[in-house]
Structures are given as structure tokens and as C-alpha cells.
Amino acid sequence: MIYEETDKLPDLLKPDNSADEEPYSTLRPAILSEYVGQEKVVETLQIAIEAALQRDEPLEHILFNGPPGLGKTTLAHIIAKEMHTRIVTSSGPALEKGGDLMGVLTNLEKGDVFFIDEIHRLPKVVEEFLYPAMEDFAVDFIFDKGVHARTHRFRLERFTLIGATTRSGLLSSPLRERFGIVRDLDFYEEKELVRIIKRSASILQISIDEEGAFEIGRRARGTPRVANRLLKRVRDYAQVRAQGSVTRSVAMEALALEGIDGHGLGEVDRKLLSTIIVNYKGGPVGIEALAATLQLESDVLIEVVEPYLLKTGFVTRTSQGRKASEMAYHHLGFTAGGKSRNMELFAGVKKKTDG
Ligand code: ADP
């Protein structure tokens, strides 16, 4: 993902390319049978892939929607592998001009997967180029301007576009309608995260027991990427402080040191909740005001931070804005009036001055 202010995010929530990527590539499942969870999505894909292979046709275009780190990019790579084709990857913000897209499309071979991450950030002009490419496997290129303008239609090979988005609501309907398969990825259950952690631990040769894996899994924000990152932190801690083995108590100590609490909330999450409670009397508060107080981009709040808080019920969304739930008050040790019994948690939360 490309945000201007990802520097302010804790490492755990950053996209892969802004943290040290190794060993995440080795942790990525390579085939569908290694992909944990999202069973309905996986089954749909299994059927679509098998049918397309039998007919010797490329797959339909596919759109994956869901919060970062849930496995959208991984699925795109798996699909290419299962279809025995190449994958070409790009992202909405990287395709600035129609020409950028033309360059990619005209080089695609039959059946290739073209993956566009953050497809909702595709500039409008580029998006319009994509429509005939997706529908008719052709692009219309315009030479000259004004009265001399001529269009030339370039034929393309039949390819499969896979789009990933964290904000499907921002996609225009003509674009969305051109995808044959549209699927939402949801947060993972604890038991699925435990499987992912055990799998990653075995690849990375980390000794971990069931309870250790469970402790990391339940604090991983329902997100495989976070689970893998927590595992790495815990591994370092275990190596230096606990003879290399990850048990429940080692995981708990390591994660406490990282500021991750029993619900998997980190500093940014707690700051968001306490800002709503302390500065806005529990809400509702508009996302822009909240973003300004927290000094974060509102897109980062909407796409990266808040989905898990909404899912777990710490935050609720109303037509007037975001509210902190009773659970949030309780979790942070606030009384209903907004007084904290646990003020040291909120060092750094600015109180809104009156007037
Ligand atoms: P997204 O594209 O949705 O942001 P990614 O596909 O990059 O997420 O996934 C982030 C990391 O999480 C991957 O590198 C992979 O190691 C891990 N991961 C994601 N989904 C799964 C899964 N279903 N099973 C195992 N590991 C997964």
C-alpha cells in the first residue's frame, strides 16, 4: 500500500514493502492447498481454475476486497501458479498514465495474470483504458489531437486481471461490473491464525508450542501478516531471553514489550480509542477530525487501523461519525465519564482545549 504517512504506523501494520520483506516471501503459501482459511473463496477459485484449465481458457477477471494483510496478493500469485501462467504485478498509484498501462497490456501473453493492487487508486484516465482491455481484449490508442485525432485499436492476448482493494466502495461501477468473480476476504479466526503461525514457525525453524502459537494468534488482529510479524518479534525475544523456545509466557512477555495488549491492540489502536473518549467525549466524531487529532491520514485510519476495531466492536460507526463502545471504555480502564483509572496508558494523548 502506498500512503504518505505510513512512517507513523507501527511496523506491524505497515505494508510488506516498507518493512524488511524477507522472510515473508518464503512464508507466502504457493498453492491453494497451503492457503489457510477463507474456505468459500478458496472453493470458488478451485472450481473456476479447474474449469478454465479443462477448457484451456484464461480465468475470468477477479476482484478481491478486504483489509491489508489478509492474503489478496498471495491469492493472485497462487492463481497464476495453479493456472501455469506468468504474473505481472502493478498497483493503482504506479499506473499514472494510459501509456503505463498500454506498456503492460501489450506485453501480456495468453492467460497471463495481471495483478493490480490498490485498484481503487487507479487514475480515472487509466481506468477508462482498462474497460475495453477487460471486456474485448483490445485497447484504443488515440493519435494526434482535435480534428486530426485518429484511433487505432490494438488487439491484446486474453489475460486475467486480478484486482485487490481495501476500499471496494471507491471503485466505479463500470470497473466493478467487469470482474466475473468478486470476493470479500474477512479477518481470520484464531484457530486459522494458529495454523498459519505453526506453518511459518516450521518454515523459519522456530520451536514453538501450541499455547505459544495460540497466544500470538489471538493477538494478531485477525491478520496473517500481523501474525507472521509478531512471530518474528517473539522469536527474537525467545532467542535472547528464553533459550530459543516460544511458550505462552515467552510470547506474552515479548508481546507486552511490543505494546500489544491481550486483545491484540497496539499503541495506535489505543490512542484512537482514548482520543475518541477523552477528546470527543466518546463520540460520535467525524473521521477527518479524528485523523487530524491523531495526525494520521484519514485513509490510513479507514483502511488500516479501524477495520479491526469495527470488527471487534471497540468502535461503532454511526451517520455522525465514530463512537467508542462500552467495551472500549472498559478495556482502557475508563469510567463512563471518561476518567481513566489507568492514566499511564494514555501518555501522549492530547486533551482538546475548550473553545
Ligand atoms: P494483502 O495483499 O491482502 O495485503 P498478502 O497476500 O500480502 O496480503 O499477505 C500478507 C502475508 O500474510 C503473506 O506474505 C503471507 O505470508 C501471509 N498470508 C496471507 N494469507 C495467508 C493464508 N491464507 N495462509 C497463510 N499465510 C497467509
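Remember, it's a predicted structure, so these values are computed and weren't measured experimentally. (Residues numbered from 1 in each chain as written. Predicted model: local features only at pLDDT ≥ 70, side-chain atom pairs only at ≥ 80, totals over all residues. Heavy atoms only, no water.)

Some remarks on the overall build of the protein chain
The test is simple: Strands are runs of DSSP state E lasting at least 2 residues, helices are runs of H or I lasting at least 4, and numbering of each runs from the N terminus. Only protein chains enter the accessibility calculation, which uses a 1.4 Å probe; a residue is then buried when its area is under 20% of its type maximum, exposed when over 50%, and partly exposed in between. In this analysis, two residues are considered to be in contact whenever any of their non-hydrogen atoms come within 4.5 Å of each other. Here the open area of atoms and residues is found with the Shrake-Rupley method and a 1.4 Å probe, where only the protein chains shown may cover a residue.
The secondary structure content of the protein chain amounts to 14 helices and eleven strands. Relative to its 355 residues, the protein chain shows a buried fraction of 51%. Pairs at least 24 residues apart make up 69% of the contacts formed inside the protein chain by residues separated by at least 6 positions. As presented, the protein chain carries roughly 17400 Å² of accessible surface, and 49% of it is formed by carbon and sulfur atoms.

A word on the site of the ligand
Where we set the bar: A cutoff of 4 Å decides nearness: a residue is near a molecule or strand if any of its heavy atoms lies inside that distance of it. Contacts described as polar in this section are N or O atom pairs within 3.5 Å, which, within protein, must combine one atom able to donate a hydrogen with one able to accept it, while residues neighboring in sequence count only if both atoms come from side chains.
Around the ligand, 19 residues are found, and the nearest of them are Val36, Gly69, Lys72, Thr73 and Thr74. In this structure, glycine 71 approaches the ligand through a main-chain N or O atom, which is 3.0 Å from an oxygen atom. Between the ligand and lysine 72 there is a distance of 2.8 Å, counted from an oxygen atom to a side-chain nitrogen or oxygen. In isolation the ligand has 560 Å² of accessible area, and contact with the protein removes 98% of it. Listing elements by their share of the shell around the ligand, those giving two or more residues are helix H1 (24-27), helix H3 (72-82) and helix H9 (224-241).

Observations concerning the pattern of salt bridges
Where we set the bar: Whenever Lys or Arg places a side-chain nitrogen within 4 Å of a carboxyl oxygen from Asp or Glu, that contact is recorded as a salt bridge.
In the structure shown here, the tally under the stated rule is 24 salt bridges. With a closest N to O distance of 3.2 Å, glutamate 303 and arginine 121 form a salt bridge. Taken together, the residues glutamate 303 in helix H13 (residues 298-311) and arginine 121 in the loop between strand E3 (113-117) and helix H5 (124-136) connect sequence positions 182 residues apart. Exposure remark for arginine 121: the relative accessible area of 22% places this residue in the partly exposed category. The salt bridge involving glutamate 303 is made with arginine 167; its shortest N-O contact spans 2.8 Å. With glutamate 303 in helix H13 and arginine 167 in the loop between strand E6 (160-165) and helix H6 (173-177), this pair connects stretches of sequence that are 136 residues apart. For arginine 167, a relative accessible area of 17% gives the class buried.

Describing the nonpolar core
Filter applied, for reference: Throughout, nonpolar core names a set of buried Ala, Val, Leu, Ile, Met, Phe, Trp, Tyr and Cys residues whose side chains join them through atoms within 4.5 Å.
Core analysis: the biggest nonpolar cluster contains 81 residues, and Leu45, Ile79, Ile216, Leu272 and Leu301 have the highest contact counts within it. Discounting chain neighbours no more than four positions away, the residues touching leucine 45 are Leu32, Ile62, Phe64, Leu75 and Ile79. Formed by 25 residues, the second largest nonpolar core is a distinct cluster that contains Leu101, Phe114, Ile119 and Ala133.

Describing the sheet that holds E6
Either a parallel or an antiparallel arrangement is found when strands of a sheet pair, and the pairing is made through backbone hydrogen bonds. The line we're drawing: Strands are labelled as partners when DSSP assigns at least two bridges between them. Note on geometry: axes are C-alpha line fits, over the in-contact stretch for helices, and angles between N-to-C directions span 0 to 180 degrees.
Overall, parallel pairing links the five strands, which are arranged E2-E3-E6-E1-E7 in an open sheet. Bordering the open sheet on either side are strand E2 (87-91) and strand E7 (181-184), each of which pairs with just one other strand. For this sheet, the mean angle separating the axes of adjacent strands, direction not counted, is 15 degrees. Note: strand E1 (residues 62-65) against E7, four bridges, orientation parallel. Of the residues in E7, the one forming a bridge with isoleucine 62 is isoleucine 181.

Some remarks on the confidence of the model for the protein chain
Applied cut-off: Think of pLDDT as the predictor's per-residue confidence, scored from 0 to 100.
When the pLDDT values of the protein chain are averaged, the result is 90; 89% of them are 70 or greater. Counted against residues more than four places away or in other chains, residues 18-24, with its pLDDT under 50, gives ten contacts. Within the model, the stretch residues 343-355 combines pLDDT values under 50 with 19 contacts to residues more than four positions away or in other chains.

Some details on H9
Note the threshold: Expected helix span is computed as 1.5 Å times (number of residues minus one).
With 18 residues, H9 extends 25 Å from end C-alpha to end C-alpha; this agrees with the ideal 26 Å at 1.5 Å per step. For H9, the full list of buried residues reads Pro224, Val226, Ala227, Asn228, Arg229, Leu230, Leu231, Lys232, Val234, Tyr237 and Ala238. Once H9 finishes, glutamine 243 follows within two positions and takes phi at roughly 50 degrees, a positive value.

As for the packing of H9 against helix H10 (residues 248-257)
Operational definition: Roughly parallel means an angle under 35 degrees; roughly antiparallel, over 145; roughly perpendicular, 65 to 115; everything else is oblique. Residue polarity follows a fixed list, in which Ala, Val, Leu, Ile, Met, Phe, Trp, Tyr, Cys and Pro are nonpolar, Asp, Glu, Lys and Arg are charged, and the others, Gly among them, are polar.
Two elements in contact, H9 and H10, have axes whose closest approach is 9 Å; the angle formed by their N-to-C orientations is 110 degrees. Considered as vectors, H9 and H10 are oriented roughly perpendicular to each other. Residues Leu230, Val234, Tyr237 and Ala238 of H9 lie in contact with H10, whose contacting residues are Val250, Ala251, Glu253, Ala254, Leu255 and Leu257. Its residues assigned to classes, the contact of H9 with H10 shows nine nonpolar, no polar and one charged.

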